[in-house]
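Take a look at the letters that make up each chain.
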Amino acid sequence: MAAHRRKQRTAGIQGLVRLSAVSLTVASAAIATACGVGGSNEDAAQNVSVAAAPDAPADAPEAPADQGTGAPAPMEAATASASPTAAATSVPPRTRPSPSASSPVAKRPAATTKAAPRPARTTPAPAPTRPAVKKSAPVSGSSGFTSGYPTGADAPGAVRAAVAAAKADGKKVLIDFGANWCGNCKAADRVFATSDVGALLDASYHVVKVDIGSQDSSAFDLLRDYCTGEGAYKMPVLVVLDGSGEVVTETHSTGNPELTETGLGTFLRKWA
């Protein structure tokens with residue numbers, strides 16, 4: 001009985017040795033496969049299968065019938081634990097290539113920012129233009145016109161001189177009876193001093209200014225000589241004479257024209 005047990009232990013030790021050999025063979029095959037050395041996976045698996053089949057000892061006696069339900073033989077445990085195919089077919093992990101410093105990297109285009117539109121420049125509205133004011137004519141042109149009424153002047157002598165000049169050059173004589181305090185007389189003077197109306201005077205008239213505001217008797221006598229109508233005199237009173245000293249027209253009877261450039265201009269053109 002003791003001898004039989006020693007033989008079983010010996011058989012178990014031999015099985016363990018063979019199992020160790022199988023494990024070494026499987027490990028060698030896996031290393032060879034990973035490094036690309038040796039045969040194919042099928043050859044490795046076939047070699048492992050052949051090596052994994054232990055030979056039963058020739059002198060091992062059969063187990064007695066009364067020990068059929070005993071512990072399993074070590075050979076079966078060794079064979080069951082050997083699975084070389086899982087190790088033989090394992091694939092080494094794939095390594096990702098490390099990115100090199102020189103590999104081109106796609107660059108994103110820089111975002112362009114649009115400048116905000118500038119406000120449109122607005123041109124200032126032109127300043128309102130004032131109507132051009134016509135400059136006054138010289139104080140005394142060829143017509144002899146002056147603003148205002150000379151006080152204490154020899155009015156009859158001035159008229160005679162003007163008539164003589166008109167007879168010589170064919171112009172007319174314009175006698176202006178008024179007063180320095182008269183508003184209408186000042187308005188008429190401003191119109192006579194404009195360039196257009198002043199040009200009409202210079203071209204066609206010799207002008208005499210007579211002051212009737214100072215109550216000079218000689219001035220009133222001269223006014224009554226040329227204006228025979230009744231009633232008050234509305235200043236200014238304008239009298240037109242020809243080269244012979246005869247009255248052509250007088251405003252005491254006909255009424256004064258409008259004291260504007262148009263009114264006085266029309267009057268002067270009509271009787272020139």
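Residues numbered from 1 in each chain as written. Predicted model: local features only at pLDDT ≥ 70, side-chain atom pairs only at ≥ 80, totals over all residues. Heavy atoms only, no water.

(A) A look at the environment of A155. Locating A155 in the fold gives a position in helix α5 (residues 155-169). Taking the C-alpha atoms as reference, A155 lies 6.6 Å from A219; in sequence the two are 64 residues apart. Ignoring anything within four residues of it in the chain, the contact list for A155 reads V210 and L222. (Helix = DSSP H or I, 4+ residues; strand = E, 2+ residues; numbered from the N terminus. Contact = heavy atoms within 4.5 Å.)

(B) Local environment of the packing of aromatic side chains. For the structure shown, the criterion picks out one aromatic pair. The interplanar angle of 70° and the centroid separation of 5.7 Å between the aromatic rings of F145 and F192 together place this pair among those described as edge-to-face. Within this pair, whereas F145 is found in the loop between α4 (84-88) and α5, its partner F192 is found in helix α6 (residues 183-192), the two being separated by 47 residues in sequence. Overall, the relative accessible area of 5% leaves F145 in the buried class. By relative accessible area, F192 is classed as buried at 3%. Over the ring of Y149 we find K209, and its NZ or CZ is 4.4 Å from the ring centre. (Phe/Tyr/Trp six-rings, centres within 6.5 Å; stacked < 30°, edge-to-face > 60°. Buried < 20%, exposed > 50% of the residue type's maximum accessible area, 1.4 Å probe, protein only. Lys NZ or Arg CZ within 6 Å of the ring centre and 35° of its normal.)

(C) Highlighting the sheet that holds strand β3 (residues 237-241). Strand order across the open sheet formed by four strands is β2-β1-β3-β4, with mixed pairing between neighbours. Since the sheet does not close on itself, it has two edges, and those belong to β2 (205-211) and β4 (247-250), each with one partner. Direction aside, neighbouring strands of the sheet carry axes that sit 20° apart on average. Looking at chain direction, β3 and β4 are connected through three bridges and run antiparallel. The partner of V239 across the bridge, within β4, is E250. (Pairing = 2+ DSSP bridges. Axes fitted to C-alpha atoms, helices over the stretch in contact; angles between N-to-C directions.)

(D) Quick look at the pairing of strand β1 (residues 172-178). β1 sits mainly inside the fold: seven of its seven residues count as buried. Burial along β1 is two-sided: the residues K172, L174, D176 and G178 and V173, I175 and F177 are all buried. Summarising the sheet, β1 and β2 pair through seven bridges and their orientation is parallel. Along β2, the bridge assignment pairs G178 with D211. Bridge count for β1 against β3 is five bridges, and the pairing is antiparallel. From the neighbouring strand, L174 faces β3, where its bridge partner is V240.

(E) Representation of the environment of A166. Along the chain, A166 falls in helix α5. Here A166 is in contact with K171, K172, V173, H206 and G243, once residues within four sequence places are set aside.

(F) Structural context of the side chain of D211. If you trace the backbone, D211 turns up in strand β2. Although buried, D211 forms no salt bridge, and the nearest oppositely charged side chain, K209, lies 10.0 Å from it. In this structure the side chain of D211 is engaged in a polar contact, spanning 3.3 Å, whose partner is the side chain of T151. Looking at D211, its side chain comes within polar contact range of the main-chain nitrogen of G213, at 2.9 Å. (Lys, Arg positive; Asp, Glu negative; His and termini not counted. Salt bridge = Lys/Arg side-chain N within 4 Å of Asp/Glu carboxyl O. Polar contact = N/O pair within 3.5 Å; in protein donor to acceptor, adjacent residues only side chain to side chain.)

(G) Representation of helix α7 (residues 195-204) in the model. Turning to α7, its buried residues number three or more, namely V197, G198, L200, L201 and S204. Around the axis of α7, the buried residues are gathered within 155° of arc, so they sit on the same side. On the buried face of α7, the contacting elements are β1, α6, β2 and α10 (261-271). (Arc of directions from axis to C-beta.)

(H) Quick peek at helix α8 (residues 217-226). Among all positions in α8, only A219, L222, L223 and Y226 are buried. Considered in projection along α8, the buried side chains sweep an arc of 100° and stay on one side of the axis. Along α8, exposed side chains directed more than 90 degrees from the buried face belong to S217 and D225. Where α8 is buried, its residues touch α5, β1, β2, β3 and β4.

Purely spatial values, then, with no claim about function.
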